[in-house]
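Here is how the chains run, residue by residue.
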Amino acid sequence: MKSIIDKYKNNIKKIISTMTGSENEDIEQEVYIRTWKNMNKYREQGRFKSWISTITANLCRDYLKSSYFKNSINQVTEEDDYIQIKDNKENVENAFFQKQRQKTIIAAIDALKPKLREVIIMYEMQDMSYEEISAKLKVPIGTVRSRLFNARKELSVTLKDLI
């Protein structure tokens with residue numbers, strides 16, 4: 001298991017940071033636990049990196065949908081708020097806007113048609129190649145490219161205010 005952690009730690013941290021806007025060690029630990037518990041379910045049809053990336057992305061989505069995350073964003077006392085603003089107003093604002101940005105991006109991805117969503121997640125978040133996506137979905141590479149193009153096109157329209 002240690003070799004798995006060493007090999008995939010940077011990729012897992014990148015996905016968590018991209019999706020949640022922070023380095024959430026709890027999610028990272030849960031990825032390793034789920035990987036270890038489900039090792040017998042892994043089928044060598046695709047790359048192991050893709051499998052562990054999917055676990056990471058799913059855990060991040062679960063975290064962002066959780067009541068804990070929603071409450072942690074909304075539950076700041078006046079005193080805490082004052083201290084944060086006084087000490088690091090810019091950092092607090094940046095963190096808030098970063099989390100809002102991440103939520104907006106995830107919502108936009110979740111709003112895509114399922115075929116477009118799965119391709120954009122596989123390519124952008126799981127670092128899968130066109131060939132790997134084609135093999136996993138059992139569609140031609142041209143279809144993968146087309147779906148990726150259409151997903152990016154829809155996201156660029158939806159997220160034009162963030163670009």
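Going along each chain's sequence as written, the residues are numbered from 1 onward. Two thresholds apply to this predicted model, a pLDDT of at least 70 for residue-level local features and 80 or more for giving and counting side-chain atom pairs, whereas whole-chain, interface and lining totals are computed over all residues. Side-chain measures here rest on the full set of heavy atoms in the structure, leaving out hydrogens and waters.

(A) Quick look at the overall build of the protein chain. In terms of regular secondary structure, the protein chain is built from eight helices and zero strands. If you list the helices and strands of the protein chain from N to C, you get α-α-α-α-α-α-α-α. For the protein chain, the computed accessible surface area is about 10900 Å², with 50% contributed by carbon and sulfur atoms. Think of it this way: any DSSP run of H or I at least four residues long counts as a helix, any run of E at least two long counts as a strand, and we number them from the N terminus. Only the protein chains shown count as cover for residues, and the accessible areas themselves come from Shrake-Rupley with a 1.4 Å probe.

(B) The arrangement of the packing of aromatic side chains in detail. Aromatic rings from Phe, Tyr and Trp, taking only the six-membered ring of Trp, are treated as a pair when their centres fall within 6.5 Å; an angle between ring planes under 30 degrees marks them as stacked, one over 60 as edge-to-face, and anything in between as tilted. Tallying each qualifying case throughout the model produces three aromatic pairs. Look at Y8 and F48: their rings are 5.3 Å apart centre to centre, the planes differ by 50 degrees, and that puts the pair in the tilted class. You can see Y8 sitting in helix α1 (residues 2-20) and its partner F48 sitting in helix α3 (residues 48-65), a full 40 residues away along the chain. Burial here depends on accessible area, computed with a 1.4 Å probe over protein chains only, as a share of the maximum for the residue type. Under 20% is buried, over 50% is exposed, and the range in between is partly exposed. According to the relative accessible area criterion, Y8 is buried, its value standing at 11%. Ring geometry for Y123 versus Y130: centroids 5.3 Å apart, planes at 10 degrees, classification stacked. In this structure an aromatic cluster arises from ring pairing among Y8, F48 and W51.

(C) Focus on α3. Here α3 contains 18 residues, and its C-alpha end-to-end distance of 26 Å stays within 8% of the 26 Å for a straight helix at 1.5 Å per residue. Among the 18 residues in α3, 13 count as buried, and that is most of the element. By this rule the span expected of a helix is its residue count minus one, scaled by 1.5 Å.

(D) View of the side chain of S53. Checked against the element boundaries, S53 lands in helix α3. Under the relative-accessibility criterion, S53 is labelled buried at 0%. In protein, a polar contact requires one atom able to donate a hydrogen and another able to accept it; more generally it is a pair of N or O atoms within 3.5 Å, and residues adjacent in sequence count only if both atoms are side-chain atoms. Separated by 2.8 Å, the side chains of S53 and N11 make a polar contact. When neighbours within four sequence positions are excluded, S53 is seen to be in contact with N11, I15, M125 and Q126. A contact between two residues is defined here by any heavy atoms of the two lying within 4.5 Å.

(E) View of the packing of helix α6 (residues 114-125) against helix α7 (residues 130-137). Between α6 and α7, whose axes approach to 10 Å, the crossing angle comes to 140 degrees. Between α6 and α7, the angle falls in the class oblique. Along this stretch, α6 crosses α7, giving a crossing that reads as right-handed. Here E118, V119, M122 and Y123 of α6 lie close against α7, whose contacting residues are Y130, I133, K136 and L137. For helices, the fitted line uses only the C-alpha atoms of the stretch in contact; every axis is such a line through C-alpha atoms, and the angle between N-to-C directions lies from 0 to 180 degrees. In what follows, roughly perpendicular refers to angles from 65 to 115 degrees, roughly parallel to angles under 35, roughly antiparallel to angles over 145, and oblique to any angle outside these ranges. Crossings are classed by handedness, with left-handed meaning an anticlockwise turn of the near helix from the far one by less than a right angle and right-handed meaning a clockwise turn.

(F) Main features of the pattern of salt bridges. The term salt bridge refers to a pairing of a side-chain nitrogen on Lys or Arg with a carboxyl oxygen on Asp or Glu at a separation within 4 Å. Counting across every chain of the model gives five salt bridges. One salt bridge in this structure joins R34 and E30, with 3.2 Å as the shortest N-O distance. A residue pair is termed a helical-turn pair when its members lie 3 or 4 positions apart in one helix, as R34 and E30 do in helix α2 (residues 25-37) at four residues. Between R61 and D110 there is a salt bridge whose closest N-O contact spans 3.9 Å. Here R61, found in helix α3, pairs with D110, found in helix α5 (residues 78-111); they are 49 residues apart in sequence, far enough to count as distant. When its relative accessible area of 13% is taken as the criterion, R61 is described as buried. Judged by its relative accessible area of 29%, D110 falls in the partly exposed class.

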